[in-house]
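Chains, contacts and geometry: an overview
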Amino acid sequence: MSKQTAQSPSAEEKSSAGVIDRPEEVNSQQLARERDETIERQKERLSGLDADTLIELYRQMLLIRRFEEKAAEVYVAGKIGGFCHLYIGQEAVAVGAISTIRKDDYVVTSYREHGQALAKGMSANAIMAELFGKVTGCSKGKGGSMHMFDKDIGFLGGHGIVGGQIPLATGAAFASKYQGNDRVTMCFFGEAAVNQGAFHESLNMAQLWKVPCIYICENNQYGMGTSLERAMSLRDIAQKACAYEMTSEFVDGMDVLAVREAAQRAVERGRKESLPTLLEIRTYRFMGHSMSDPGNYRTRAEIEKYQERDPIKLFSATLKEEGVLTDAQLEEMDHKIRAEVEEAVKFAEESPEPPAEDLYTDVYANPIDPSHK
Amino acid sequence: MSTLTIREALNQALREELARDESVFLMGEEVGAYQGAYKVTKGLLEEFGGKRVIDTPITELGFAGLGVGAAMVGLRPIVEFMTFNFSILATDQIINSAAKMLYMSGGQFKIPIVFRGPGGSAFQVSSQHSQALESWYAHFPGIKVVMPSTPADAKGLLKSAIRDDDPVVFIEQERMYGNKGEVPDDPDFTIPLGVADVKREGKDVTIVARSLMVPVALKAAEALEQQGVSCEVIDPRTIRPLDIDTIVESVKKTNRVVVAEESHSTCGVNAEICTQIMERAFDYLDAPVKRISGVDVPMPYAKNLENLVVPDVNRVIAAVREVSYMD
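Since this is a predicted model, take the numbers as computed values, not measurements.

**Some thoughts on the overall build of chain B**
On a plain count of helices and strands, chain B comes out with 12 helices and 14 strands. What you see for chain B is a C-alpha radius of gyration of 20 Å, in line with the 20 Å of a compact globule of 327 residues. Summarising its shape, the C-alpha atoms of chain B cover approximately 60 × 45 × 40 Å along the three principal directions. Counting all 327 residues of chain B, 58% fall into the buried class. In chain B, the proportion of contacts linking residues at least 24 apart, taken out of those at least 6 apart, comes to 79%.

**Structural notes on the interface of chain A and chain B**
Taken together, the contact between chain A and chain B spans 38 residues of the former and 41 residues of the latter. Going through the elements one at a time, β3 (155–158), α7 (165–179) and α8 (197–209) of chain A are the ones with two or more residues in the side of chain A that touches chain B. When residues in the side of chain A that touches chain B are grouped by element, the largest group, 10 residues, is from α7(A). Tallied by class, the residues present in the side of chain A that touches chain B amount to 18 nonpolar, 14 polar and six charged.

**Examining the sheet that holds strand β6 (residues 144–146) of chain B**
Strands pair in a sheet through their backbones, by hydrogen bonds, and they do so in one of two ways: parallel or antiparallel. All names here are of chain B. Pairing within the open sheet is mixed, and its seven strands lie in the order β3-β2-β4-β5-β7-β6-β12. In this open sheet, the two strands that pair with only one neighbour each are β3 (53–55) and β12 (238–240). Across the sheet, the mean angle separating the axes of adjacent strands is 20° when strand polarity is ignored. Each of β2 (24–28), β4 (76–80), β5 (114–118), β6 and β7 (168–172) is contacted by helix α7 (residues 151–163), which is oriented at about 160° to β7, the strand it contacts most.

**Some remarks on the packing of helix α1 (residues 6–20) of chain B against α7(B)**
Residue and element names in this part refer to chain B. One can describe the packing of α1 onto α7 by two numbers: an axis separation of 8 Å at closest approach and a directional angle of 25°. With respect to their mutual orientation, α1 and α7 come out roughly parallel. Considering the relative orientation of α1 and α7, their crossing is right-handed. Contacts between α1 and α7 pair I6, A9, L10, Q12, A13, E16 and E17 from the former with P151, A152, A154, K155, L158, K159 and I162 from the latter. When its residues are assigned to classes, the contact of α1 with α7 shows nine nonpolar, one polar and four charged.

**What about the domain arrangement of chain B?**
Residues and elements named next belong to chain B. Once the domains are mapped, chain B shows domain 1 (2–183) and domain 2 (197–323). One C-alpha centre belongs to domain 1, the other to domain 2; they are set 26 Å apart. At the interface, 23 residues of domain 1 touch 22 residues of domain 2. Going through the elements one at a time, α6 (134–138), β6 and α7 are the ones with two or more residues in the side of domain 1 that touches domain 2.

**Things to note about the environment of B:C267**
With respect to the helices and strands, the residue B:C267 is situated in the loop between β13 (257–264) and α10 (269–281). For B:C267, a count of 12 C-beta atoms within 10 Å translates into the label exposed.

**Details of helix α3 (residues 60–72) of chain B**
All names here are of chain B. With 13 residues, α3 extends 18 Å between its outermost C-alpha atoms, agreeing within 8% with the 18 Å of an ideal straight helix rising 1.5 Å per residue. For α3, a buried count of 13 out of 13 residues is recorded, marking the element as mostly surrounded by other parts of the structure. Note on α3: the residue one or two positions beyond its end, G74, has a positive phi of about 115°.

**A few points about the pairing of β13(B)**
All names here are of chain B. Most of β13 sits inside the fold, with seven of its eight residues counted as buried. Of the strand pairs in this sheet, strand β10 (residues 205–209) and β13 are connected by four bridges, and their pairing is parallel. The partner of I207 across the bridge, within β13, is V258. Between the parallel pair β13 and strand β14 (residues 290–294), the chain is carried across by α10, and the sense of this crossover is right-handed.

**Overview of the nonpolar core**
In terms of nonpolar packing, the biggest core is built from 196 residues, with A:A172, A:C187, B:I207, B:A217, B:V258 and B:V320 touching the most fellow members. With 10 residues, the top contributor of residues to this core is helix α3 (residues 51–76) of chain A. Counting only domains with at least three residues in this core, you end up with domain 1 (2–183) and domain 2 (197–323) of chain B. Here B:I207 is in contact with B:A217, B:A221, B:C231, B:V233, B:V258, B:A260, B:V316 and B:V320, once residues within four sequence places are set aside.

**Section: the confidence of the model for chain B**
Caution is warranted with low-pLDDT regions, since their predicted coordinates should not be read in detail. Mean pLDDT over chain B stands at 98; residues scoring 70 or higher make up 100%. Both scores are given for the predicted complex: the pTM is 0.94, the ipTM 0.97.

Definitions and cut-offs
- Residues numbered from 1 in each chain as written.
- Chains lettered and ligands numbered in written order.
- Predicted model: local features only at pLDDT ≥ 70, side-chain atom pairs only at ≥ 80, totals over all residues.
- Helix = DSSP H or I, 4+ residues; strand = E, 2+ residues; numbered from the N terminus.
- Rg over C-alpha atoms; globule rule 2.2 N^0.38 Å.
- Buried ≥ 20, exposed ≤ 12 C-beta atoms within 10 Å, placed from the backbone.
- Contact = placed C-beta atoms within 7 Å.
- Nonpolar A, V, L, I, M, F, W, Y, C, P; charged D, E, K, R; others polar.
- Pairing = 2+ DSSP bridges.
- Axes fitted to C-alpha atoms, helices over the stretch in contact; angles between N-to-C directions.
- Parallel < 35°, antiparallel > 145°, perpendicular 65-115°, else oblique.
- Left-handed = near helix turned anticlockwise from the far one by under 90°.
- Domains from an automatic or database assignment.
- Expected span 1.5 Å × (residues − 1).
- Right-handed = clockwise from strand over helix to strand, strands pointing away.
- Core = buried A, V, L, I, M, F, W, Y, C linked by C-beta atoms within 7 Å.
- pLDDT = per-residue confidence, 0-100.

Structure follows, in structure tokens:
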């Protein structure tokens, strides 16, 4: 196990006393230092990557950001029902990781999935229409925000039970090995899911049977309203891999290139040796757990401090300083992306709802009519 | 035709389906090297190897979910629960993943998985090892539930379950693994899901029985024949979807019904069958439907107490006499 790019736990994280309603004030000097150091490291990682790749990484992150902002807007306007869990702040994780895999590789994730869906190649139209509950949605309107699927691009959902996706991903990876292809499976879950039994059962089997599954823990440090300190006895998640003799890494999730590099190592390990990896990727969500969450468990100050390490701002700063993109190009890209998202809303608005008969379809693949005689 | 035990019939079904389709594989605790806790999987590891027959750690939630994930991308897993009591640990993956996947993905991901193993009572294994869970699983759209009672049914239904593209919960009965019966030799012999079987024809009273209660009902029917009552015994075989038409056709003929199960009465499968009979055949009933279930207590260890729990031939006879107004 190696510690890549990590900051050692800050004073804030080391605090452990009793039940705390709000975490201590974040060390702003440290964050500013981290930000500058991240940009420096990103510049080093830039060498060897062509401009097109870098621009595409940035474009995808910005698309997710604008899409999620729009989702929040239309949710408040009543167009999206139920739960809506936004990915704002975590874009570098989905984009950096998924940029390293192929169309036929698998992604399995949680209900906070719009980012991974876009990164894997699902259209903004199909996702927005699904959020609106329209028949043109990727799940024909029967899944919603938490259950997006696309078989053609290996996007295996979209799962609502915390940690429920982890055994599923293990099974998809198991199947790849069984079927003799070199596909890998990426499984995304939050740090709170690490406490579920399903996590431990899955990692044990994956290492025991050597399946090519990449377990990506998006440690955004809060499971809904409960901070990591209040939920986990041993908070070093990457270290938990040693219980399974599994390779692991700790990654700075605000640096899309750091995520990409760690993911590349894991993908290679999966394809060449059919071995699993656990990546603990430290990140932060800028919005609440979901649209229903007023977020009383974090201070405004903490959020604003982490926003200084916004992965999109960091990366655009790096790209500008290295001359990959100009301000004008960045603005033009943003303009195009905003138009794409507006188009998705229009598509969703104008699409029809599922017909009433769809209530009864796809309950069974082989429906048996008991009155068949 | 061959005379086989239910255990042997299941073993044959597994062997034939493993040989027929490369994407079928079997996993569970002790299914391989140990030859199966109840010997249902005997010899399969030697014949098919460790890729197709997999011994798992004791990790029900994990391996059930692994099976569902593998099914999503083209494999056809047979997941054995050593007993269905242990399936409770896997319930999240059976109910939230397997049952829902096709629907919530808008028809994209079918789950051709079989969860099989013994359910219901055994002999003095006490409360945690004696539970009948078919009404739990039958409650959920997206799952099929099958319970065979004879060797031929076991073989034919298991083959169909493995070939079916939906999640099938296939509940065997430990007490019945040694029961013998005639089984067709045809390697393509299958029995369709969703079709009930008239195990014995009669004209006075319909007895609907499943799994362990089928031989009990048949014994009771023989005794009742001597008492002047002709019983028709119907085995649904598939609990969900239930072949209510066959049951109703019988009720129209006999006008009297007893439904027997070893599971608890409260919210059980018989409650469902009684309701459907009432909904569809009320006008044909000459007496209220009589429901016999296992006593509504956790299963005790002591032999004499356990014997009081599971319905026996005498309870069935008494019930038939009751709906016939004979006493």
